[in-house]
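# Breakdown of the fold
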Amino acid sequence: MAELTRSEVAHVAKLARLTLSDEELDLFTVQLGKILIHAQDMSALDLSELLPTAHPFGLVNVLRADEVRPSLDRDVVLAEAPDAHEGRFAVPRILGEAP
Amino acid sequence: MTTALSIARDVNAGERSASSVLAASLAIVAARNEELNVFLHVDYEGATAMAAAVDERVAQGLNAGPLAGVPIAIKDNMCQTGIPTTCSSRILDGWRPPYNATVIDRLIAAGAVPVGKTNLDEFAMGSSTETSAFGPTRNPLDPTRVPGGSSGGSAAAVAAGMTPLSLGSDTGGSIRQPAALCGVVGMKPTYGLVSRYGLIAFASSLDQIGPFAATVTDSALLLEVIAGHDPRDTTSLPEPSPVLVAHVNDGVAGKRIGLVRELVEGADEDVVNAVNSAAEALRAAGATIVELSIPELRLGLSAYYLIAPAEASSNLARYDGVRFGLRVNGDDVTAMMEATRTAGFGAEVKRRIMLGTYALSAGYFDAYYGQALKVRTLMIDAFRRAYDHVDLLLGATTPSVAFAFGAKSHDPMAMYLSDVFTIPTNLAGEAAISVPFATGEAGLPIGVQILGPGRSEAQLFAAARVLEIADGRP
């Protein structure tokens, strides 16, 4: 497998919503590269006959009776939010309007 | 130290008060927490009220539960209403959960007294507590060394005698490894046996809550209280809590136990010697020891360090500065999220999010994540074949005794290797226990690991009890 590049690390940081400094980019390129090289003991194997296991016992839908039950109190939940407005979570402007 | 079993018995009999037991526990916390950094938060007010409630029940002639008046420490990735839950991360700064984890509800119903929240590697990502945003925990047996991790604070709480019990979570060894390094008993139960409701997710298909205790019997007692079906966790096994304490002294006569080459290879000589002595002790107690090799286990580390970061990168996407914890402002919502995550997460968490995002990204998914999931299948099949021939497996918990601060923290791969013997159990969703057996370098404890198939907890406790007795702790 091709070696991990600095520009790939920068792209992944963008996907993950993280800002990395130049030093961090250099360090992560080396460190993540080492981990991926260790993972090459798997890529050499022919596992084409095996099914993947995403979960130890397989996931099944679990449904409960469709009955109204109490849930967390809205004000209690919003009290823990960084910002709230009129019973909702508040975030900075999303649409690009003129200020 | 007084066991949980005897505390609960005495409190229920009215011979000791829960309040006096709590006071004794808090005195040790007060004496040693500044040095060891075990607790991030001590809930003096809540614990005092809960102990008083236990004493009140006893005064009314009621049974106050199987853990009546027993102080317990909680890893700070489990939600407890009204007190800070941080995951040892800046990103949850100031957050107080609006609900209890199921394990907290069950502990309180059983009469236990949660005294506070313990330090961990940030979001349980680490093997030494050195990635905690609030400084590392020190090993009570040698404060120049790490307690292991990620549940290092919970292991240290029991090792220092602060509380007879604590809860940890184990995603790749995070209960068993610190238990081994601190000289206490640590159990990773079968996936789904203990509800994950209110456990802050790291890698959801691997995470499992389990007990720390000074003795095997106390460990079984705690697991009985917290196990059993919970409708609020869709992955919870559909059955009641198993009977465990009653089987602790069942022994191992007639059992076949596999001594696994791959679960000792590369370990220090003192650790290998301890595992061999443990095999002798089990043989002397009537077990048949079979030497065997499971080469697939060697692939566990590689598969784990793709699967766990992949799940983590998804689970930790929720820390975006909108609903809880830290927010760092930015010009628009995306800038706010990026600034919040950049300021809130430490280096190891960022590294794992990056690794997981990469493994799941277009062009690499099949080669890395897809292949790792097939290795998981390979490992499950390999364990199943082994359990066709033996009842349990035996090996080391860790390659070495507790290491010094800084010994591995600059090299992620070296740190990851300290989980090499514990990871396969998580990938397979099975159960394993670490029990102190013999001592190694500098007189430090060694953990011997016993592994079993899913739902083998009673057998694991019984085998661990044999080793406990053989090691001079009747």
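Residues numbered from 1 in each chain as written. Chains lettered and ligands numbered in written order. Predicted model: local features only at pLDDT ≥ 70, side-chain atom pairs only at ≥ 80, totals over all residues.

## Brief notes about the overall build of chain A
Test applied: In DSSP terms, a helix is any run of H or I states spanning at least four residues, a strand is any run of E spanning at least two, and both are numbered starting from the N terminus. Note that the radius of gyration is over C-alpha atoms, with the globule rule given as 2.2 Å times the number of residues to the power 0.38. In this scheme every C-beta is placed from the backbone, and a residue whose C-beta has 20 or more other C-beta atoms within 10 Å is buried, one with 12 or fewer is exposed, and one in between is partly exposed.
From N to C terminus, chain A includes 4 helices and 2 strands. Listing each helix as α and each strand as β along chain A from the N terminus yields α-α-α-α-β-β. Taking 13 Å as the expected radius of gyration for a compact globule of 99 residues, we find that chain A reaches 23 Å, considerably beyond that expectation. The 99 residues of chain A split such that 17% are buried.

## Side note on the overall build of chain B
Spelled out, the test is: What counts as a contact here is a pair of residues whose C-beta atoms, placed from the backbone, lie within 7 Å.
What chain B contains, in helices and strands, is 15 helices and 11 strands. Each of the three principal axes of chain B carries a C-alpha extent, and together these read 65 × 55 × 45 Å. Residues classed as buried in chain B amount to 65% of the 474 residues present. Put simply, of all contacts in chain B between residues at least 6 apart along the chain, 75% involve residues at least 24 apart.

## Focus on helix 12 (residues 365-387) of chain B
Residues and elements named next belong to chain B. Selection criterion: Here the expected span of a helix is defined as 1.5 Å times the quantity of residues minus one. The quantity called bend is, for any residue, the angle between two axes fitted respectively to the seven residues ending at it and the seven beginning at it.
Taking 1.5 Å as the rise per residue, helix 12 with 23 residues should run 33 Å; its terminal C-alpha atoms sit 32 Å apart, in good agreement. At Gln-371, helix 12 shows its maximal kink, close to 25°. Among the residues of helix 12, those classed as buried are Tyr-368, Tyr-369, Gln-371, Ala-372, Leu-373, Val-375, Arg-376, Leu-378, Met-379, Phe-383 and Ala-386.

## A closer look at unusual backbone geometry
Residues and elements named next belong to chain B. With an omega of 10°, the peptide bond running from Gly-149 to Ser-150 counts as cis. Residue placement: Ser-150 occurs in the loop between strand 3 (113-118) and helix 5 (152-159). The residue Ala-438 is not glycine, and still its phi comes out positive at about 65°. With respect to the secondary-structure elements, Ala-438 resides in strand 10 (residues 431-439). Among the residues examined, Ala-438 registers 21 C-beta atoms within 10 Å and is labelled buried.

## As for the packing of helix 7 (residues 216-226) of chain B against helix 15 (residues 457-470) of chain B
All names here are of chain B. The line we're drawing: Lines fitted to the C-alpha atoms define the axes, with helices restricted to the stretch that makes contact. Angles between their N-to-C directions range from 0 to 180 degrees. Each angle receives one of four descriptions, namely roughly parallel if under 35 degrees, roughly antiparallel if over 145, roughly perpendicular if within 65 to 115, and oblique otherwise. Each helix crossing is assigned a hand: it is left-handed if the near helix lies turned anticlockwise from the far helix by less than a right angle, otherwise right-handed if that turn is clockwise. Three classes are used: nonpolar for Ala, Val, Leu, Ile, Met, Phe, Trp, Tyr, Cys and Pro, charged for Asp, Glu, Lys and Arg, and polar for all others, with Gly counted as polar.
For the pair helix 7 and helix 15, the least separation of the axes is 9 Å and the interaxial angle reads 160°. When the interaxial angle is binned, helix 7 and helix 15 end up roughly antiparallel. Like other packed secondary-structure pairs, helix 7 and helix 15 cross with a definite hand, here right-handed. Touching Val-216, Ser-219, Ala-220 and Leu-223 of helix 7 are Glu-457, Phe-461, Ala-464, Arg-465 and Glu-468, all from helix 15. Of the residues assigned to the contact of helix 7 with helix 15, the class counts are 5 nonpolar, 1 polar and 3 charged.

## With respect to the packing of helix 1 (residues 6-15) of chain A against helix 2 (residues 22-38) of chain A
All names here are of chain A. Packing of helix 1 against helix 2 brings their axes to within 9 Å, and their N-to-C directions diverge by 105°. Taken as axis vectors, helix 1 and helix 2 run roughly perpendicular relative to one another. For the pair formed by helix 1 and helix 2, the contact residues are Arg-6, Val-9 and Ala-10 on the first element and Leu-25, Phe-28, Thr-29 and Leu-32 on the second.

## Some words on the sheet that holds strand 4 (residues 165-169) of chain B
Residues and elements named next belong to chain B. Formally: Pairing between strands is defined by DSSP: at least two bridges between the two strands are required.
Sheet architecture is open: 11 strands sit in the order 1-3-2-4-6-5-10-11-9-7-8, paired in mixed fashion. The open sheet has two free edges, formed respectively by strand 1 (39-42) and strand 8 (288-292), since each of these has just one partner strand. When strand polarity is set aside, the average angle formed by the axes of neighbouring strands in this sheet is 25°. Note that strand 7 (residues 256-260) and strand 9 (residues 392-396) share 3 bridges and pair parallel. Counted as the bridge partner of Gly-258 is Leu-393 from strand 9.

## Re the interface of chain A and chain B
Facing 42 residues of chain A, the contacting portion of chain B comprises 52 residues. Of all the secondary structure elements, the ones that give two or more residues to the side of chain A that touches chain B are helix 1, helix 2, helix 3 (40-43) and helix 4 (74-78) of chain A. The element that contributes the greatest number of residues to the side of chain A that touches chain B is helix 2 of chain A, accounting for 6 residues. The residue makeup of the side of chain A that touches chain B, split by class, is 29 nonpolar, 6 polar and 7 charged.

## What to know about the confidence of the model for chain B
Low pLDDT means the predicted coordinates in that region are not meant to be read closely. Where we set the bar: The predictor rates its confidence in each residue with pLDDT, a number between 0 and 100.
Across chain B, the average pLDDT comes to 97, with 100% of residues at 70 or higher. ipTM for the predicted complex: 0.93, alongside a pTM of 0.97.

## Description of the pairing of strand 11 (residues 445-452) of chain B
All names here are of chain B. Within strand 11, 8 of the 8 residues are buried, which leaves the element mostly enclosed by the surrounding structure. Here 4 bridges tie strand 9 to strand 11, and the two strands are oriented antiparallel to one another. Residue Gly-395 lies in a different strand from strand 11, and its bridge partner there is Gln-449. Here strand 10 pairs with strand 11 via 7 bridges, running antiparallel. Counterpart to Thr-439 in the pairing with strand 11 is Pro-445. What sits between strand 10 and strand 11 in their antiparallel hairpin is a turn of 5 residues, with Ala-442 showing a positive phi close to 60°.

## Here's the deal with the confidence of the model for chain A
Overall, the predicted model of chain A reaches an average pLDDT of 90, with 94% of residues at or above 70. Within chain A, helix 3 of chain A has the poorest average pLDDT of any element, 87, and helix 1 of chain A the best, 96.

## Remarks on helix 1 of chain A
Residue pairs spaced three or four apart in an α-helix point in one direction, given the helix's 3.6 residues per turn. Counted only if it meets this: To be clear, the arc concerns the directions from the helix axis to the C-beta atoms.
If you check which residues of helix 1 of chain A are buried, you get Val9(A), Val12(A) and Ala13(A). Down the axis of helix 1 of chain A, the smallest arc covering the buried residues is 105°, so these residues share one side. Those residues of helix 1 of chain A that are buried are in contact with helix 2 of chain A together with helix 11 (347-360) of chain B. Of the residues one or two after helix 1 of chain A, Arg17(A) is the one with positive phi, at around 55°.

## Structural notes on the environment of Ile83(B)
All names here are of chain B. Secondary-structure assignment places Ile-83 in the loop between strand 2 (71-75) and helix 4 (102-109). With 61 residues separating them along the chain, Ile-83 and Leu-22 place their C-alpha atoms 18 Å apart. Setting aside residues up to four positions removed in sequence, Ile-83 forms contacts with His-41, Asp-43, Gly-46, Arg-96 and Lys-117.

## Remarks on the environment of Ala464(B)
All names here are of chain B. Its location among the elements puts Ala-464 in helix 15. Placed 28 residues apart in sequence, Ala-464 and Pro-436 show a C-alpha to C-alpha distance of 9.0 Å. Every residue in contact with Ala-464, bar those within four places of it in the chain, is listed here: Val-185, Val-216, Ile-433, Val-435 and Ile-450.

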